[in-house]
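What follows is the residue order along each chain.
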Amino acid sequence: MKIVVVGGTGIIGRWVVRDLFDYSSAEIVVAASDNAKARQLVRRFRSTRVTAAALDVRDVAATARVLKGADVVVNCVVYYFNLQVMRACLRAGE
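All values derive from a computational prediction rather than experimental measurement.

Engineer: Can you tell me about the overall build of the chain, naming the residues and giving the values?
Structural biologist: Secondary structure summary: the chain contains four helices and four strands in total. Taken against the 2.2 N^0.38 rule, which gives 12 Å for 94 residues, the C-alpha radius of gyration of the chain at 12 Å falls within 12% of a compact globule. C-alpha atoms of the chain, sized along the principal axes, occupy 30 × 25 × 20 Å. By residue count, 38% of the 94 residues in the chain fall in the buried class. For the chain, contacts bridging at least 24 residues in sequence account for 56% of all contacts bridging at least 6. Total accessible area on the chain stands at roughly 5700 Å², and carbon and sulfur atoms take up 53% of it.

Okay, here's the thing in structure tokens:
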């Protein structure tokens, strides 16, 4: 199973990533606008199950490419980007 955590370096996203790591065997993608922060968080897990992806949710097409192949997307970005993330999910599933 592949899970993408959009906004994975934020206050809530970091905890979501931690819980997914601790309580599942899923592949976890930490997707964030600050790729350096995402890579830094990923290094803490010391596991190939956790990877980083640069993401700008305002770019629906690029976000869809990151989400392609995900079984689950957890949206942890601020609520006013919800529609862009939902559109990207729909596009990724096409």
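Engineer: Hey, could you go over the layout of surface pockets for me, with residue numbers and the actual values?
Structural biologist: Considered as a void within the structure, the largest pocket measures approximately 250 Å³ in volume. Along its surface, the largest pocket is lined by 15 residues, and Gly 7, Ala 32, Ser 33, Leu 55 and Val 77 are the ones closest to its centre. Of the residues that constitute the lining of the largest pocket, the class distribution is seven nonpolar, four polar and four charged.

Engineer: Can you explain the packing of aromatic side chains? Please cite residues and give values.
Structural biologist: How two aromatic rings sit relative to each other is set out by the distance from centre to centre and by the angle between their planes. Across all of its chains, the model carries three aromatic pairs by this definition. With centroids separated by 4.9 Å and ring planes inclined at 55°, the aromatic side chains of Phe 21 and Phe 45 adopt a geometry described as tilted. Of the two residues, Phe 21 sits in helix H1 (residues 11–23) while Phe 45 sits in helix H2 (residues 35–45), which places them 24 residues apart along the sequence. Grouping residues by exposure puts Phe 21 and Phe 45 together as buried. Ring geometry for Tyr 80 against Phe 81: centres 5.1 Å apart, planes inclined by 55°, an arrangement best described as tilted. Grouped by ring-pair contacts, the aromatic residues Tyr 79, Tyr 80 and Phe 81 constitute a single cluster.

Basis of the calculations
- Residues numbered from 1 in each chain as written.
- Predicted model: local features only at pLDDT ≥ 70, side-chain atom pairs only at ≥ 80, totals over all residues.
- Heavy atoms only, no water.
- Helix = DSSP H or I, 4+ residues; strand = E, 2+ residues; numbered from the N terminus.
- Rg over C-alpha atoms; globule rule 2.2 N^0.38 Å.
- Buried < 20%, exposed > 50% of the residue type's maximum accessible area, 1.4 Å probe, protein only.
- Contact = heavy atoms within 4.5 Å.
- Areas by Shrake-Rupley, 256 points an atom, 1.4 Å probe, with all protein chains shown as cover.
- 1 Å grid on protein atoms, 1.4 Å probe; cavity = no way out; pocket = protein on both sides within 12 Å on 5 of 7 lines; lining within 4 Å.
- Points joined across faces, edges and corners; volume = space filled by probe spheres on them.
- Nonpolar A, V, L, I, M, F, W, Y, C, P; charged D, E, K, R; others polar.
- Phe/Tyr/Trp six-rings, centres within 6.5 Å; stacked < 30°, edge-to-face > 60°.

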